[in-house]
Structures are given as structure tokens and as C-alpha cells.
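The chain contents come next:
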Amino acid sequence: MSSYIRNKSTLLFSVLGLRIIKGVSRFGAFLLFCWETVKHVFRRPYRFELIAQQIEFIGAQSLNIVIMTGFFTGAVFGLQLGGIFKIFSSEAMLGGATGKALTRELAPLMVAFLTAGRSGSAMTAEISTMNVTEQVDAMEAMAVEPLSYLAVPRLVASVIVFPLLTIIFIFIGVIGSYVIAVSLFDVDVGLFLDKIVWLVEPKDIRDGLIKSVIFSVIVAFIACHSGLHATGGAKGVGIATTNAVVTMLLMVLASDFLVTYLQVRW
Amino acid sequence: MIYFEHVTKTFGKKTVLDDLSLHIPKGKITFILGKSGEGKSVTIKHIMGLMKPTAGKIMVDGEDISLFDQHGLMAYRKKFGMLFQHAALFDSLSVCENVIFPLKEHGTMPLVEMHERVDEVLEMVGLPEIKQKFPNQLSIGEKKRVGLARALAMAPKIMLYDEPTTGMDPLVSEMIDELITEVNAGNPELTSIVISHDLKAALATAENIIMLYKGKVALTGIPDDFRHSHDAVVRQFFSGRVEGPMEFL
Ligand SMILES: Nc1ncnc2c1ncn2[C@@H]1O[C@H](COP(=O)(O)OP(=O)(O)OP(=O)(O)O)[C@@H](O)[C@H]1O
Ligand SMILES: [Mg+2]
């Protein structure tokens, strides 16, 4: 009986061990992929045209939704906080508090989520389609490095576009909370702005933008990696795309926690 | 010039190339025959270094290509032009952009000359009027001709054709077969490797034929060797009959 239990637990441990080894080696392969891609960023040929195309693609695709979401996020935050601040008769703080929350946390995170859903999925789908239809093979056969042609432009464009969208999100979000503050809580315009300037420091903006850059890198790397490793026809494209988006969201959240921890502690 | 030495390739449990050794001579048209799923496409992907053998080695011009690093592999591939079985055109690019792609990536000529070259190769495959179309607007036969034009654009030293005439009507097939011969005749240095099911074309065009069966070479030689072969598998392939030693699974 005891040997039976021991056997069972050894089995459990070996299965678990195998899982862990597999996971670690896959993560290692992913990191290697990231490193190779980064090396290609600084290597000729520099593909400015493709980068511009990707900026337009990601930016144009996500701009509307970022503006809408930004406005409503700011407005809802204004509503929620307004109710609380009213108890302390400090409704004027509404702008500052919303601004701070948007800058440090909400804007980078929401932008990453929205862009992962819109552009991250599109990137994965596009690259994995190219992969399963041998277009990536064809590219390699013509001695063109797929990392340089496909991954680098998407990475660079994301790193440029995410912070820009984040800034737009903050701006629109503040407008959203302003509309609520002025129309529902009778906050004075000058006071509203004063409190924002007083509460939101340059450090907050810096921290928020750092987050946004980190998220952009995560989204682009996962999109390109999943795309270039997709197998199995149209079905494989679908699987790669959903998996990629889920992974992006989880990784963004996990890194958000880590980065916030470091930023708050230091 | 291209040697496979005891090359084995397995996918999971499935062995596709089984201790395969073969030789493809320089400056000739070599046909690789074999039934569907026999590993013909896998074979030429090995030549390009797009797949790596599970065991054995591939020597090209005296060099073991599995020893190349990524950089060396890229340089090596510049010698080749490859037509993929399903054309593998970039579907986000127009026909013109597809054909000009290798020229822009590696070429040093001015843009005007690149466009002249594009016109020239599209003319060669008999599709002069479709430069602005996109791959999803083309038939499979047209796609493959564009793929062929793209492969020819860089005037490679070695041309690989994966089923160049599948999906084309008899007239266009004939034209493509003639094109292969013509391109080869125009350049005595050029090595052409053609994958095909089309026996008639192989006997008419090939200077050397390799027939694959069960991951190995069933027979290799000049067309006459195949016409006069008594090998049961070769005879069955030639007669196109289902009955015989060849297994279809
Ligand atoms: N990337 C891959 N992963 C797994 N199996 C593969 C892969 N590529 C090819 N195969 C398998 O290898 C075998 C040979 O494939 P290949 O494409 O070389 O056949 P083929 O001789 O070109 O056939 P056809 O004339 O139909 O094109 C097939 O059974 C296929 O399933
Ligand atoms: Mg094939």
C-alpha cells in the first residue's frame, strides 16, 4: 500500500517536473526569440517604411476605441470618486485623483488591453497565416530574415504607438472626469485644473509611460512569436490567435504588478 | 553538386525520408518523381535549409549545409530561386511588389531597372498585364506563374520548381515546360530541379530523373533508363495503375 502511494506520488512529481521543465524551456526559447529580434532592430536593413505602415495600422485601428474608452473610464471614475469626495466636501480633488489614477495605472493598462485585443490579435493572425501558408518559408528562401521583416517593424511601431495612445487616453480621460465634475458636482474649472497640476507629478507621467513601453514590448513579442510558431492551417491560426491574446493579457497584468511594486517601493 | 548522404527525416513517428542518398548534377535539369506524400517537397525544403534532417547530411558544392549559421544560411540561399508548390505569394503585396521583393531586398540596381526586370519575368511566364492585381484575385495557375516569375527575378544559379505545372491547363503547362528548358538552355551553369507528377513532361524535359519511393530512391538515371526499366514500382508509376506493389496510404 505504501509503495503504491509512493509510486503514485513519484508519478505525480515526475509529471509535474516534466511540466515545469517544458514550461521553463519554452519560456527560454521565447526569451531567445526576443533577444534575436532586438538584435535585428539595430541591424541593417532599417525598414522605416514598414515601421510607418505598422504605426499607421496599430494607431489607426486603436485610436477610436482608445478615445471612447478613455472618455468613459474618466467619466465613470469621476462619478465614483465624486460620490466619495462629496462626503468630505472636497469635490475639487476629483480631477487630481482621476488624473493620478489614469496616469499611473489605468491609461497604460487599458491601452495595452485594448491594443492587444485589436492589433495584437491582428498581428498574430496575419503572421500565423503567413506561416501556415509557407509565406514565411518563401521569405526565408529568398534570404530575407522574417524577424527583421515581420517582427522588428511591429515591435518598434508598438513601442512608439503605445505611449502615444496612453497620453491620448489620459487626456481624454481627464476630459471625461471634467465633464462629470462640472456638470454633476459643480466643481470650478480653475480649481479642477489646479488640483491636477498639484497631484499629478512628472514622476507619475514617467512611471506610466515606462509601463506602457513595457506592455508594448510584451504584446508585440507575444504576437510575433505566436505567429511565427503557428502550425496546422486555418484552425492553427485561430488557436494561435486566441492563445496569444490570452497570454498577452495575463503577461501584461503580471508585469503590471511587478512594475508597480518596484515603482511604489522605490 | 548536391548530395544527400543517408538523410533521414521523421515527423513525430512518421518517417518521410529514410536513409536517402542521392546526387543532383550541376548544370542539368533533374526531375524528382514520386507519388503524392512521398516526400518530394520535404526533399527540396532540405536543399534550401528550410528543414533540417533528423540524421545524415546534405552537401552542396562541397559544403555541409547543416553547419551554416543563420548568416551563412542566408548567404547560401541567395544562390537559389524557388517556386513553392502553392506559390506562397505574399498576400498583402501586389503581383508587382511580390516579384520585385527579392530585387529590392538584395538588388543593387536602380528602381527603374528593377521594374524592367519585373516586366521581363512576367512576360516570360505569359502574364504581362496583371502587375497591379493581388494574389487573392488570381487563379492558382496564375499564382504559380507569378511565383515562378518571382523565383526567376534574381537570375539564380539553382532553380527549384515544386510542381510547376499542377493546376494549369495543357497549353500553359506546355509553355511552362518549354520555359524551364529555355531558361536552362540560356544558362549552362544553371541547375534546375523540378518536382513533378507529370511523367510525359519528365521524359520530354529531364536530363536526369530521380524517382522516390518509401523515402528512398527507387531509380535514378536518364529518361531512357526509365522507359526501359523493369522495376515493378517504376512500371506501375508509368502505367498509372492502382494495382501493383505501390501502396497508397
Ligand atoms: N511540416 C511538417 N510537419 C509534419 N509532417 C509533414 C510536414 N511537412 C511534410 N510532412 C509530411 O511529410 C510527408 C511528405 O510530404 P511532402 O509535402 O514532401 O509530399 P510530396 O511528395 O510533396 O507530395 P505532393 O505531391 O502531394 O506535394 C507527408 O506525409 C506530410 O504529411
Ligand atoms: Mg509537394
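Check the entry above for the structure.
Predicted model only: the values in this text are computed from it and were never measured.

1. What about the overall build of chain A?
Assigned secondary structure in chain A consists of 8 helices and 0 strands. From first element to last, N terminus to C terminus, chain A shows the α and β order α-α-α-α-α-α-α-α. Looking at chain A residue by residue over its 266 residues, the buried ones come to 48%. Counted over contacts in chain A with a minimum sequence separation of 6, partners at least 24 positions apart contribute 88%. Accessible surface for chain A amounts to roughly 13900 Å². Of this, 72% is attributable to carbon and sulfur atoms.

2. Overview of the coordination of the magnesium ion (ligand 2)
In the first shell of the magnesium ion (ligand 2), the protein supplies S41 of chain B (OG) and Q85 of chain B (OE1), at 2.0 to 2.1 Å from the metal. Pair noted here: S41 of chain B is in helix α1 (residues 40–47) and Q85 of chain B is in the loop between β6 (80–83) and α3 (95–106), with a separation of 44 residues, a long-range link.

3. Some words on the interface of chain A and chain B
Taken residue by residue, the interface counts 15 residues in chain A and 19 residues in chain B. Across the chain A to chain B interface the summed buried area is about 1600 Å²; carbon plus sulfur atoms make up 59%. Inspection of the region where chain A meets chain B yields 3 salt bridges. The shortest N-O distance in the salt bridge between E105 of chain B and R47 of chain A comes to 2.8 Å. On inspection of chain A and its partner chain B, the count reaches 7 residue pairs in polar contact (both at pLDDT 80 or more).

4. What about the nonpolar core?
A general trend in soluble globular proteins is that nonpolar side chains are found buried together. By size, the foremost hydrophobic cluster in this structure holds 58 residues, and its most contacted members are M139, Y149 and L150 of chain A together with F101 of chain B. Broken down by secondary-structure element, the contributors of at least two residues to this core are α1 (2–41), α2 (48–87), α3 (93–132), α4 (135–141), α5 (146–184), α6 (189–199), α7 (202–228) and α8 (233–265) of chain A. The leading source of residues in this core is α5 of chain A, at 14 residues. Look past the residues within four positions of Y149 of chain A in its chain and what remains in contact with it is R47, L50, M139 and V144 of chain A together with L93, F101 and E105 of chain B.

5. Some details on helix α5 (residues 140–153) of chain B
For α5 of chain B, with 14 residues, the first-to-last C-alpha span of 20 Å sits near the 20 Å given by 1.5 Å per residue. Most of α5 of chain B sits out of view: 11 of its 14 residues are buried. Against α4 of chain A together with β6, α3, α4 (111–124), β7 (158–162) and α6 (170–185) of chain B lie the buried residues of α5 of chain B. Immediately downstream of α5 of chain B, the backbone of A155 of chain B shows phi near 50°, a positive value.

6. A word on the sheet that holds strand β4 (residues 55–60) of chain B
All names here are of chain B. Taken in spatial order, the 4 strands line up as β2-β1-β4-β5 in an open sheet, and their pairing is antiparallel. Since the sheet does not close on itself, it has two edges, and those belong to β2 (14–24) and β5 (63–64), each with one partner. Both β4 and β5 contribute to a ladder of 2 bridges, which runs antiparallel. Within β5, the position partnered with M59 by the bridge is D64. Seen against the sheet, α1 touches β1 (2–11), β2 and β4 and runs at an angle of roughly 120° to β1.

7. Some thoughts on the site of ligand 1
All names here are of chain B. Inspection of the region around ligand 1 gives 15 residues, with S36, G37, K40, S41 and Q85 positioned closest. The contact in question runs from an oxygen atom of ligand 1 to an N or O atom on the side chain of S41, over 2.7 Å. Separating an oxygen atom of ligand 1 from a side-chain N or O atom of Q85 is a distance of 2.7 Å. Here ligand 1, which alone exposes 630 Å², has 65% of that area covered by the protein.

8. Comments concerning the side chain of K144 of chain B
Residue and element names in this part refer to chain B. Tracing the backbone shows K144 in helix α5. Within the buried set, K144 has no salt-bridge partner at all; the shortest N-O distance to an opposite charge, 5.4 Å, is to E163. Not counting residues up to four positions away in its chain, the partners in contact with K144 are L83, F84, Q85, A87, D162, E163, P164, T166 and M168.

9. Observations regarding the packing of α2 of chain A against α5 of chain A
All names here are of chain A. Close contact between α2 and α5 brings their axes to 6 Å; oriented N to C, the two are set at 25°. With respect to each other, α2 and α5 are oriented roughly parallel. Note that α2 runs across α5; the crossing there is right-handed. Looking at the contact of α2 with α5, its residues break down into 24 nonpolar, 12 polar and 1 charged.

Thresholds applied
Residues numbered from 1 in each chain as written. Chains lettered and ligands numbered in written order. Predicted model: local features only at pLDDT ≥ 70, side-chain atom pairs only at ≥ 80, totals over all residues. Heavy atoms only, no water. Helix = DSSP H or I, 4+ residues; strand = E, 2+ residues; numbered from the N terminus. Buried < 20%, exposed > 50% of the residue type's maximum accessible area, 1.4 Å probe, protein only. Contact = heavy atoms within 4.5 Å. Areas by Shrake-Rupley, 256 points an atom, 1.4 Å probe, with all protein chains shown as cover. Donors = N, O, S within 2.8 Å, 3.2 Å for Na, K, Ca; no water. Buried area = accessible area lost by both parts, 1.4 Å probe. Salt bridge = Lys/Arg side-chain N within 4 Å of Asp/Glu carboxyl O. Polar contact = N/O pair within 3.5 Å; in protein donor to acceptor, adjacent residues only side chain to side chain. Core = buried A, V, L, I, M, F, W, Y, C linked by side-chain atoms within 4.5 Å. Expected span 1.5 Å × (residues − 1). Pairing = 2+ DSSP bridges. Axes fitted to C-alpha atoms, helices over the stretch in contact; angles between N-to-C directions. Near = heavy atom within 4 Å. Lys, Arg positive; Asp, Glu negative; His and termini not counted. Parallel < 35°, antiparallel > 145°, perpendicular 65-115°, else oblique. Left-handed = near helix turned anticlockwise from the far one by under 90°. Nonpolar A, V, L, I, M, F, W, Y, C, P; charged D, E, K, R; others polar.

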